[in-house]
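Summary of structural features
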Amino acid sequence: MAPGYLQANLVVVPQALAFDFLLFCQRNPKPCPLLEVTDPGSPEPRELAPGADLRTDLPRYRVYEHGRLVDEPADICRWWRDDLVAFLLGCSFSFEEAMQRAGLPVRHVDEGRNVPMYRTNIACKSAGAFHGPMVVSMRPLTPAQAIQSVEVTARYTKAHGAPIHIGDPAAIGVTAIDRPDFGDAVTIRPGEVPVFWACGVTPQAVLMEAKPPLAITHSPGCMFVTDVRADELA
């Protein structure tokens, strides 16, 4: 949706944990490129989309209690509290229009599916209560296209930038490329290799490990679309 606009992952935590999560993002800029942090209790992203409401303006959310998924609502009004702080993190959906402009295939878009996402064996740098594995998204490309994708996506540092791995999934702990942990499987054609980018679903894997009393995120693939063009931050 809204090709060319900067899209964002959402993480909402209580103010008591907000500094730890801010530090986690600072220490892990590849999976968690920080775009905006709201004031406590405010659902408005004043920099990226003035007038928007993060409680209602995403297609679907996930609510975690003590690391356990308890709800996947269409809005989070009943869960909202005055002490909640929202973080918007960059998303690789933001650079897909640039890939298409360069003639690179985006398979999940072509097949009408969500991008496949996988937990890896790459540990994030911990910060306070937050620790856990990096999650990656995958797009299959030929080796020549994979090289070109590095050149195209490296410009978008606020949307995860260049890939972190090309080729053998097992090298990063992905044992079943046809069974993603999040999203949908896509076709990998003969002559193609999987290309992996750091993914903003990483905080969801981290929240399952950290088990805070309450945390809210977007549902994987159900992003917040900002008012900002992706190329403005390239």
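None of these values were measured; they are calculated from a predicted model.

We now examine the sheet that holds strand β6 (residues 117-123). Pairing in this open sheet of four strands is antiparallel, and the strands run β6-β7-β9-β8 from one edge to the other. Edge strands, defined here as strands with exactly one partner in the open sheet, are β6 and β8 (165-166). Of the pairings in the sheet, the one linking β6 to strand β7 (residues 133-141) comprises four bridges and is antiparallel in character. Bridge pairing in β7 places Met-117 opposite Ser-137. Docked against the sheet, helix α4 (residues 143-153) engages β7, β8 and β9 (193-198), running at close to 15° with respect to β9. Sheet strands in contact with helix α5 (residues 202-210) are β6 and β7, and its direction is about 150° off that of β7.

Val-13, Phe-21, Phe-24, Phe-87, Leu-89 and Phe-130 are the most contacted members of the largest nonpolar core, which totals 27 residues. Elements with a contribution of two residues or more to this core: β1 (5-14), α1 (15-27), β5 (84-90), β7, β9 and α5. It is α1 that contributes the most residues to this core, six residues altogether. Those residues within four positions of Phe-130 in sequence are excluded, and the remaining contacts are Val-13, Leu-17, Asp-20, Phe-21, Phe-24, Val-206, Leu-207 and Ala-210.

Looking now at the environment of Leu-69. Looking at the element boundaries, Leu-69 is found in strand β4 (residues 68-71). Judged by its relative accessible area of 36%, Leu-69 is partly exposed. Counting along the chain gives 125 residues from Leu-69 to Pro-194, while the straight-line C-alpha distance between them is 29 Å. Contacts of Leu-69, omitting those with residues within four sequence positions, involve Arg-62, Val-63 and Tyr-64.

In this section: the pattern of salt bridges. Under the definition given, this model contains 12 salt bridges. Taking the shortest distance from any N to any O, the salt bridge between Asp-39 and Arg-46 comes out at 3.3 Å. Among the residues examined, Arg-46 registers a relative accessible area of 47% and is labelled partly exposed. For Arg-78, the salt bridge is made with Asp-71, and the minimal N-O distance between the two is 3.7 Å.

This paragraph deals with the packing of aromatic side chains. All chains considered together, the criterion is met by six aromatic pairs. Summarising the aromatic geometry, the rings of Phe-24 and Phe-130 are spaced 6.5 Å apart at their centres and angled 55° between planes, so their arrangement reads as tilted. Placement of the pair is Phe-24 in helix α1 and Phe-130 in the loop between β6 and β7, with a sequence separation of 106 residues. Residue classification places Phe-24 among the buried positions, given a relative accessible area of 0%. Accessibility expressed as a relative area gives 0% for Phe-130, which makes it buried. One aromatic cluster is present, formed by Phe-21, Phe-24, Phe-87 and Phe-130 through successive ring pairs. Across the ring face of Trp-197, the terminal group of Arg-139 is positioned such that the distance to the ring centre comes to 5.1 Å. A cation sits over an aromatic face here: Arg-229 above Tyr-5, 4.8 Å from the ring centre.

Along its 13 residues, α1 runs 19 Å from first to last C-alpha, staying within 8% of the 18 Å computed at 1.5 Å per residue. Among all positions in α1, only Leu-17, Ala-18, Phe-21, Leu-23, Phe-24 and Cys-25 are buried. Where α1 is buried, its residues touch β1, β2 (34-37), β5 and α5.

A word on the environment of Leu-54. Its location among the elements puts Leu-54 in the loop between β2 and β3 (61-65). Residue Leu-54 is classed as buried on the basis of its relative accessible area, which comes to 0%. Discounting residues that sit within four places of it in the chain, Leu-54 has contacts with Leu-10, Thr-38, Pro-43, Pro-45, Tyr-61, Ile-76, Ala-86, Leu-88 and Phe-224.

What counts and what doesn't
Throughout this document, residue positions are counted from 1 along each chain, in the order its sequence is written. For this predicted model, a pLDDT threshold of at least 70 governs which residues receive local features, and a threshold of 80 or more governs which side-chain atom pairs are given and counted, while totals over whole chains, interfaces and linings are taken from all residues. Note that the side-chain values use all heavy atoms of the structure and ignore hydrogens as well as water. Strand pairing follows a simple DSSP-based rule, namely that at least 2 bridges must link the two strands. Note on conventions: DSSP H or I runs of at least 4 residues are helices, E runs of at least 2 residues are strands, and numbering of each starts at the N terminus. Residues are treated as being in contact if the distance between any of their heavy atoms lies within 4.5 Å. For every element, the axis is a line fit to its C-alpha atoms; helices are fit only across the contacting stretch, and the angle between N-to-C directions ranges from 0 to 180 degrees. Residues enter a nonpolar core if they are buried and are Ala, Val, Leu, Ile, Met, Phe, Trp, Tyr or Cys, with the set joined through side-chain atoms within 4.5 Å. The buried label applies to any residue whose accessible area, calculated with a 1.4 Å probe on protein chains only, is under 20% of its type's maximum; exposed applies above 50%, and partly exposed to all values in between. One speaks of a salt bridge when a side-chain nitrogen belonging to Lys or Arg is within 4 Å of a carboxyl oxygen belonging to Asp or Glu. We call Phe, Tyr and Trp rings a pair once their centres come within 6.5 Å, taking the six-membered ring for Trp, and we label the pair stacked below 30 degrees between planes, edge-to-face above 60, and tilted otherwise. The rule for a charge over a ring is simple: NZ of Lys or CZ of Arg within 6 Å of the ring centre, and within 35 degrees of the ring normal. Take the residue count of a helix, subtract one, and multiply by 1.5 Å to get its expected span.

Function cannot be inferred from these measures alone, as they are strictly geometric.
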